[in-house]
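Close look at the chain arrangement
Residues per chain, in single letters:
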Amino acid sequence: MAILAVLAAAVGAWGLLTRPPGYTATARFITVHTGPHGNVPIRLDTTYFRPDAATPQHPVPAILLAHGYGQTKQSVAGDAARFAEHGFAVLTWTAEGFGRSGGQIHLDSPDWEVRDASQLINWVSTRPEVLHDGPDDPRVAVVGGSYGGALALLLAAYDHRVDAIVAETTWNDLSRAFLPNDVAGGGTDGVFKKAWAGLLFGGGSGARVGIPDGDGNPSCGRLAPAICQLYRESATTGTLTPAQRALLEQSSPAGVLDRIRAPALLVQGETDTLFPLSEADANARGIARTGTPVHVAWYTGGHDGGQGTSVDQDWLHAETLQWLNHYLRGVGPAPGGGFVFSRLSGYDEAGDPTSIASEAPHYPGLDGQRERLIEVKGPPQVIANPPGGTPAATSSLPGLGSPTAAMTGAAARDIPGQHADFLSPTLGSAVTIVGSPTVRLRVASPTGSAVLFVKLYDLTPHLGATLPGSLVAPVRLSGLPTAIAEARPVTVQLPAIVHQVPAGDRLLLVVATSDQAFLGPAQPAQYTVMSLGSVELPTVSGTELGTAGWYWPWVLGAVVVALLLGLALMIVAGRWRRRRGDTRTRVEYARVPLVVEGLRKQYGNGFLAVDDISFRVEPEQVVGMLGPNGAGKTTTLRVLLGLTAPTRGAVYVFGHPLRGGAPVLSRFGALVEGPGFLPHLSGADNLRRFWQATGRPPAEARLEEALEIAGLGGAAGRRVGTYSHGMRQRLAIAQAMLGLPDLLVLDEPTDGLDPPQIAEMRRVLQRYASNGRAVLVSSHMLAEVEQTCTHAIVVHRGRVVAGGSVAELIGEGSTVLLDVSDQEGAIAVLRRLGVRQVREDGGGRLVCDLDGVPRRRLVSELVAAGVAVDRIAPQRRLEDAFLDLVGGGTEGSGER
C-alpha cells in the first residue's frame with residue numbers, strides 16, 4: 001500500500017519537524033435533567049478537551065465522543081486527545097449506569113441516554129471557543145462505537161443540531177441483532193443469541209443479573225428494571241413479547257433513520273458476531289433514502305476481531321478525519337457515497353494479521369455488484385438436534401476467543417451426526433466474496449419446525465476448513481412437511497463477509513442443528529436437509545488503496561511533506577546510516593547461521609540496555625546465552641526477533657541483514673513466549689493451522705519431522721486440552737521448528753518443566769542441531785546449559801564478557817577431581833597442605849579446592865605418602881565460571 005506508506009512516512013517526518021498542537025483536558029461532573037419528563041437529575045462524569053489554539057476569536061468545531069457498552073470516558077481518552085491535537089474541541093462522558101456517572105442503564109433510550117447527550121450539546125454551546133451555526137447551536141459531530149455508535153445515530157435523529165456522525169460497529173435493530181433469523185424476507189421469531197446476551201446483560205456493566213440480593217429477589221445491579229426483566233424472560237423463553245420488542249425498538253435507530261439529516265460515516269467490522277455487517281447495511285439504506293450523504297466502510301475487526309489490522313487503522317483514521325474536516329470545517333472536497341472494504345491478506349513476521357483495503361465508487365449493499373454461482377453437491381441428509389441442545393457445535397467464542405482466531409474462524413467445530421455437508425468442486429480461479437452469500441435449501445421435520453445454523457467454510461487442501469469471521473446464519477423455520485419431497489425451497493442469506501477463496505480450495509456448506517452461541521430447541525428431533533445445488537457469491541470490483549483512487553488531498557499533502565522528509569533525511573543521513581548499520585549482504589557469512597556485530601540499544605529515556613554485543617552461532621552448535629537479570633539478554637533477543645530496532649549494529653542470518661520481510665526469515669524459527677493453542681484441536685491440527693497462517697505451501701511445513709524431533713509421538717493426535725505443561729512446551733518447540741528452519745532461537749525452553757521433561761528437552765535440542773542447523777538458547781538454568789549446549793556466551797552490563805565452548809569457559813580453575821588408591825590417606829595429606837574444602841563426588845573420587853596449592857606439589861606429597869594417584873583433572877562447574885565472570889551478583893530485578 002504505497003500511498004499509505006508515503007502518508008505514514010510523511011506524518012513521521014512532520015512529527016520530527018513540528019510539535020503537535022497542545023490541548024487542556026478538564027474533568028468535571030455535569031448535571032443533566034433526564035427521564036420521560038426531563039425532571040430526573042443525573043450527574044455525568046465528563047472530560048473536556050480544549051485545543052490550545054481555540055479562542056473566542058478563532059473558534060473550532062466540537063465533537064461529542066461516546067464510549068462502548070461496559071466502558072467509561074477513559075476508554076476513549078486516547079481518541080479524544082488525537083481529535084484535540086487536530087484542532088477539535090472534544091467532550092467525552094461516562095454514560096448513565098457506568099463508572100462514576102449516576103443513573104441506570106436504559107440501552108440508549110431516547111428518554112434517558114439520548115436526552116442526556118442532547119443536554120451535553122447544550123453545555124458545549126456555552127463554550128465561547130466552540131464554533132456556532134446559530135444561538136445554542138454549536139458546530140458539532142457525534143462519534144462513537146457500538147453503544148456509542150447507536151447513540152450517535154439516535155441523537156442525530158432527535159437533535160438536528162448534530163452536523164455529522166461517525167458510527168462504528170453498532171446496531172440497526174436490537175431485536176433482530178439478538179434474535180436474528182436469516183431466512184430471506186426475515187420473520188418475527190428469531191434465534192436467541194444467548195452467549196452475547198449473557199455477556200452484555202449479565203456482566204458488561206457490573207450488573208449482577210440473576211444473583212439474589214439479601215431479600216431473595218433477583219438483583220439487576222445498575223440495569224434499569226425493565227431492561228433487566230427483558231433479559232431474564234427472553235433468556236428463558238428465547239422469544240420476545242410485543243412489549244419487549246417495542247422496548248428494544250425504542251433503542252434502535254431503525255425506526256428513526258428517516259429523521260437523520262447529518263452526513264453519516266458508517267464503519268462496521270467484518271469479524272462481528274454481535275452486530276454483523278447487515279446492521280450497518282440497514283442503517284446505510286435507511287439514511288440514504290432521505291438523500292442524506294452516507295459513506296460505508298467495512299474493516300477486518302469488530303466485537304470478535306478487535307481493532308482490526310494496523311493498516312485498517314491507518315485508513316479508518318484518514319476516513320474519519322476527512323469526514324469531520326469536510327462537514328465541520330468545510331475543508332477538502334465532499335466525500336462521495338463510495339465504499340471501502342478490507343480483507344485479510346496474510347500474516348507478518350510477528351504473526352499479526354495483515355490486510356488489503358480496496359475502494360469502490362458506489363456502495364453496492366450486501367448483494368454486491370455481481371454474483372458467481374458455485375455448485376455444491378451432496379445427497380439429502382438426516383441430522384439430529386441433541387437433547388437439551390448439548391453437545392453443541394462451535395462457531396464463535398464471544399468474549400473468549402482471540403481476534404486472530406475469530407477472523408479466521410479457527411475455533412469452529414461441528415458435532416458428528418448433527419450437521420449436513422454439501423461440497424463444491426475445486427475452484428479453478430480465486431473468488432473474493434464481498435457481501436452476503438445465499439443458498440437455497442429444502443428442510444423436512446416431523447415436528448413441523450426446525451432451528452438450523454448455516455455456514456460456509458473455505459476448505460483448503462491438507463489444512464482443513466476455516467469459517468470466515470466465525471459467522472453463522474441462524475434460521476428458524478415453521479410449517480415444514482415431514483417428507484423432504486414435499487418441502488418448499490427456503491432461501492437463506494448467510495452473513496456478509498469479505499474473504500478471498502484461493503484457486504485450488506473448495507467451499508463446504510454446512511447445515512447444523514446446534515450452536516453454543518445460540519439458544520436452540522431443547523427437545524430432541526431429526527431433520528432432513530437437502531441443498532438445491534449452488535451458492536451465490538456476491539463480488540465487488542474495487543481499487544486497492546495505495547495503487548490508485550485514494551484521496552488527492554492526502555496525496556498532495558504527502559507529496560509536500562515528503563519534500564520536507566527528504567530534507568530531514570539529508571540532514572540526518574550520516575546518523576541514520578550509523579544507527580542502521582551495514583544493510584548489504586555479507587558473502588563471508590553466507591554459511592554462518594547467525595552473526596551479531598556491535599549491537600547497541602539505547603532507549604529514548606537514555607537507558608542503555610545493550611552497549612556492544614557481538615557473537616556468532618555456527619552450524620551444529622547449541623549456543624547458550626547467559627547473564628544476570630538486567631544484563632541485556634532479553635533486549636538482544638528482541639532485536640533478533642525484530643521486536644525492537646537497534647540503535648547501532650547489525651544482525652546477519654546466513655549473510656543476509658535481518659529486517660522485516662526479508663526472505664531469509666524463512667530460515668529462522670523462534671519461540672520467546674509459549675503461544676496459545678486451541679484446546680479442542682489436536683497438537684498436529686494446531687500446527688497445521690499455524691502453518692496455514694504463514695501462507696507458505698503445506699509441503700514445506702515438514703510437520704512429521706518437526707513432531708518427531710520434538711518427541712511428541714502419539715500425543716500429536718490428542719486434543720491440546722489434555723496436554724501436560726511439558727507436552728505444551730514441546731508442542732511450542734515443534735511449532736518453532738515447522739519448516740525445519742536452519743536457525744532456532746528459544747527463550748527459556750525448559751521453563752516450568754520437571755526433571756524428566758528437562759532431560760527430554762535437552763535431547764530434543766541436541767537432535768535438532770544437526771545437518772548444519774543451529775540453536776541459540778537464552779536460559780538462567782546454568783546446569784542445563786552446561787549439559788545441553790556446546791557453546792555459551794556470558795552477557796554482563798550490556799556486553800559480552802566471555803564466549804566460547806562450554807569446556808573453554810569452565811577452564812582450569814582451582815577445583816580438581818582426584819582418583820586415588822587411598823582416600824583417607826589422601827585426605828590426611830590434603831589437610832596437612834591446608835586444603836580444607838574436600839568432599840566425595842559419589843563415584844569413589846575426591847573433589848577439592850586447592851586454593852593456591854600447586855597440582856605438582858599435591859601429586860608429589862601424595863606419592864611420598866604412599867597414595868597412588870590414578871588421575872587428577874580440573875573440576876569446575878559452569879556456575880563457578882559464570883559467578884567468576886559476573887562477580888556473583890545481579891544488576892537488579894528487571895531484565896534488559
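All figures in this text were calculated on a predicted structure; none of them were measured in a lab. Within each chain, residue numbers correspond to sequence positions counted from 1 in written order. Where local features are concerned, this predicted model is filtered to residues with pLDDT of at least 70; where side-chain atom pairs are given and counted, the filter is 80 or more; whole-chain, interface and lining totals use all residues. Think of the side-chain values as coming from all heavy atoms in the structure, minus any hydrogens and water.

Some points on the overall build of the protein
In plain terms, the rule: Secondary structure is summarised from DSSP: a helix means a run of H or I of at least four residues, a strand means a run of E of at least two, and numbering begins at the N terminus for each. Each residue's exposure class comes from its accessible area (1.4 Å probe, protein chains only) as a fraction of the maximum for that residue type: buried when under 20%, exposed when over 50%, partly exposed otherwise. Contacts: residue pairs with any heavy atoms within 4.5 Å of one another. Using a 1.4 Å probe, the Shrake-Rupley method yields the accessible areas, and only the shown protein chains count as cover for residues.
A count of helices and strands for the protein gives 22 helices and 41 strands. Residues counted as buried form 52% of the 896 residues belonging to the protein. When contacts within the protein are restricted to residue pairs at least 6 apart in sequence, those whose partners lie at least 24 apart make up 76%. Carbon together with sulfur atoms contributes 52% to the accessible area of the protein, which is approximately 37700 Å² in total.

Concerning the confidence of the model for the protein
We count it as follows: A score from 0 to 100, pLDDT tells how confident the predictor is in each residue.
Of all residues in the protein, 82% have pLDDT values of 70 or greater, and the mean over the chain is 82. Per-element averaging of pLDDT across the protein places strand β9 (residues 211-212) at the bottom with 36 and strand β3 (residues 62-66) at the top with 98. In this model, residues 1-20 is a region of pLDDT below 50 whose contacts with residues beyond four sequence positions or in other chains number 27 contacts. In this model, residues 204-218 is a region of pLDDT below 50 whose contacts with residues beyond four sequence positions or in other chains number 34 contacts.

Let's talk about unusual backbone geometry
In this model, Thr390 is joined to Pro391 through a cis peptide bond whose omega is 0°. Mapping Pro391 onto the fold places it in the loop between β16 (381-385) and α11 (403-408). Phi at Ser470 is positive, roughly 60°, even though this residue is not glycine. Looking at where Ser470 falls in the secondary structure, it is placed in the loop between β21 (464-466) and β22 (473-478). Owing to a relative accessible area of 2%, Ser470 belongs among the buried residues under this scheme. Although it is not a glycine, Leu740 sits at a positive phi angle of roughly 45°. Along the chain, Leu740 turns up in the loop between α16 (725-737) and β34 (743-747).

Topic: the pattern of salt bridges
Counted only if it meets this: A carboxyl oxygen of Asp or Glu within 4 Å of a side-chain nitrogen of Lys or Arg is what we treat as a salt bridge.
On inspection of all chains with the given rule, the structure shows 17 salt bridges. Among the salt bridges present, the one from Asp79 reaches Arg82, with a minimum N-O distance of 2.3 Å. Here Arg82 and Asp79 lie together in helix α2 (residues 77-85), a separation of three residues that amounts to about one turn. The class of Asp79 is partly exposed, set by a relative accessible area of 31%. For Arg616, the salt bridge goes to Glu618, with nearest N and O atoms at 2.9 Å. Owing to a relative accessible area of 40%, Arg616 belongs among the partly exposed residues under this scheme.

Some words on the pairing of strand β24 (residues 497-501)
The two faces of a sheet get side chains in turn, since along a regular strand they alternate between them. This is how the line gets drawn: What makes two strands pair is DSSP finding at least two bridges between them.
Among the five residues in β24, four count as buried, and that is most of the element. With five bridges connecting them, strand β18 (residues 431-435) and β24 associate as antiparallel partners. By the bridge assignment for β24, Val434 is matched with Val498.

Focus: the nonpolar core
Put simply, the rule is: Nonpolar cores were defined as sets of buried Ala, Val, Leu, Ile, Met, Phe, Trp, Tyr and Cys residues, with membership established by side-chain atoms within 4.5 Å.
Membership of the largest hydrophobic core comes to 52 residues, with the highest contact counts inside it found for Leu64, Ile165 and Trp298. The element contributing the most residues to this core is helix α4 (residues 147-158), with seven residues. Beyond its immediate stretch of four places on either side in the chain, Leu64 contacts Leu91, Trp93, Ala117, Leu120, Ile121, Val124, Val140, Ala141, Val142, Val143 and Leu155. Within the second largest apolar cluster, 44 residues are counted, among which are Leu626, Ala701, Leu712 and Leu782.

Quick look at the packing of helix α3 (residues 113-125) against α4
The following threshold applies: Angles shown run from 0 to 180 degrees and are taken between the N-to-C directions of axes, each axis being a line fitted to C-alpha atoms and, for helices, limited to the stretch in contact. For classification purposes, an angle smaller than 35 degrees is called roughly parallel, one larger than 145 roughly antiparallel, one from 65 to 115 roughly perpendicular, and anything else oblique. Crossings are sorted by hand: turned counterclockwise from the far helix by less than a right angle, the near helix makes the crossing left-handed, and turned clockwise it makes it right-handed. By the convention adopted, Pro, Cys, Tyr, Trp, Phe, Met, Ile, Leu, Val and Ala count as nonpolar, Lys, Arg, Asp and Glu as charged, and the other residues, Gly among them, as polar.
Running from N to C, α3 and α4 cross one another at 70°; their axes reach a closest spacing of 9 Å. Considered as vectors, α3 and α4 are oriented roughly perpendicular to each other. Crossing handedness for the pair α3 and α4: right-handed. Judged by residue contacts, Glu113, Val114, Ala117, Ser118 and Ile121 of α3 engage Tyr147, Leu151, Leu154, Leu155 and Tyr158 from α4. Among the residues making up the contact of α3 with α4, the classes are represented as eight nonpolar, one polar and one charged.

Points about the packing of aromatic side chains
Describing an aromatic ring pair means giving the distance of the ring centres and the angle of the ring planes. Short version of the rule: Two aromatic rings, drawn from Phe, Tyr or Trp (for Trp, its six-membered ring), form a pair once their centres lie within 6.5 Å of each other, and the interplanar angle then sorts them: stacked below 30 degrees, edge-to-face above 60, tilted otherwise. By the criterion adopted, a ring carries a charge over it if an Arg CZ or a Lys NZ lies within 6 Å of its centre and within 35 degrees of its normal.
This structure, assessed with the given rule, holds 16 aromatic pairs. Here the aromatic rings of Tyr48 and Trp123 are separated by 5.3 Å at their centres, their planes lie at 75°, and the arrangement is edge-to-face. Here the residue Tyr48 occupies a position in strand β2 (residues 40-51), and Trp123 occupies one in helix α3, the gap between them amounting to 75 residues. The class of Trp123 is buried, set by a relative accessible area of 16%. An angle of 80° between the planes, with centres 5.4 Å apart, marks the rings of Tyr69 and Tyr147 as edge-to-face. Separated by 78 residues along the polypeptide, Tyr69 in the loop between β3 and α2 and Tyr147 in helix α4 bring together distant segments of the chain. The rings of Tyr69, Phe98, Tyr147, Trp171, Phe178 and Phe275 are connected pair by pair, giving a single aromatic cluster. Its end group placed over the ring of Phe88, Arg329 keeps NZ or CZ at 3.9 Å from the ring centre. Above the face of the Tyr768 ring, Arg773 is positioned so that its terminal group lies 4.4 Å from the ring centre.

Some thoughts on the environment of Ser125
What counts, and what does not: We define a polar contact as two N or O atoms separated by no more than 3.5 Å, with the added condition that, inside protein, one atom must be a possible hydrogen donor and the other a possible acceptor, whereas residues neighbouring each other in sequence contribute only through side-chain atom pairs.
Among the structural elements, Ser125 can be located in helix α3. In contact with Ser125, not counting residues within four places along its chain, are His132, Asp136, Asp137 and Pro138. Here the side chain of Ser125 touches Asn122 through a polar contact of 2.5 Å, landing on its backbone oxygen.

A closer look at helix α15 (residues 703-710)
Stated precisely, the cut-off is as follows: It is the directions from the helix axis to the C-beta atoms whose arc is reported.
Within α15, burial applies to Leu703, Ala706, Leu707, Ile709 and Ala710. In a view along the axis of α15, the buried residues occupy a sector of 165°, so they form one face of it. Exposed residues pointing more than 90 degrees away from the buried face of α15 are listed as Glu704 and Glu708. Positioned one or two residues after α15, Gly711 has a phi angle of 75°, which is positive.

Points about the packing of helix α20 (residues 823-832) against helix α21 (residues 855-864)
Here α20 crosses α21 at 130°, and the two axes come no closer than 10 Å. Taken together, the axis directions place α20 and α21 in an arrangement best described as oblique. Note on packing geometry: the crossing formed by α20 with α21 is right-handed. The segment α20 lies against α21, with Ala826, Val829, Leu830 and Arg832 engaging Leu858, Glu861 and Leu862. Tallied by class, the residues present in the contact of α20 with α21 amount to five nonpolar, no polar and two charged.

With respect to helix α14 (residues 683-694)
Worth spelling out the cut-off: Helix span, as expected, comes to 1.5 Å for every residue beyond the first.
For α14, which comprises 12 residues, the first-to-last C-alpha distance of 17 Å matches the rise-based estimate of 16 Å (1.5 Å per residue) to within 8%. All of the buried residues in α14 are Gly683, Ala684, Asn686, Leu687, Arg689 and Trp691. The elements touched by buried residues of α14 are β21, α15 and α16.

Considering the side chain of Asp505
Heads up, the condition is: Neither His nor the chain ends is counted toward charge; the positive residues are Lys and Arg and the negative residues Asp and Glu.
Tracing the chain through its elements places Asp505 in the loop between β24 and β25 (506-512). Here Asp505 occupies a buried position and makes no salt bridge, while the nearest side chain of opposite charge, Arg506, is found at 8.7 Å. Separated by 3.0 Å, the side chains of Asp505 and Thr460 make a polar contact. Not counting residues within four places of it along the chain, the set of residues in contact with Asp505 comprises Pro425, Thr426, Leu427, Asp458, Leu459, Thr460 and Pro461.

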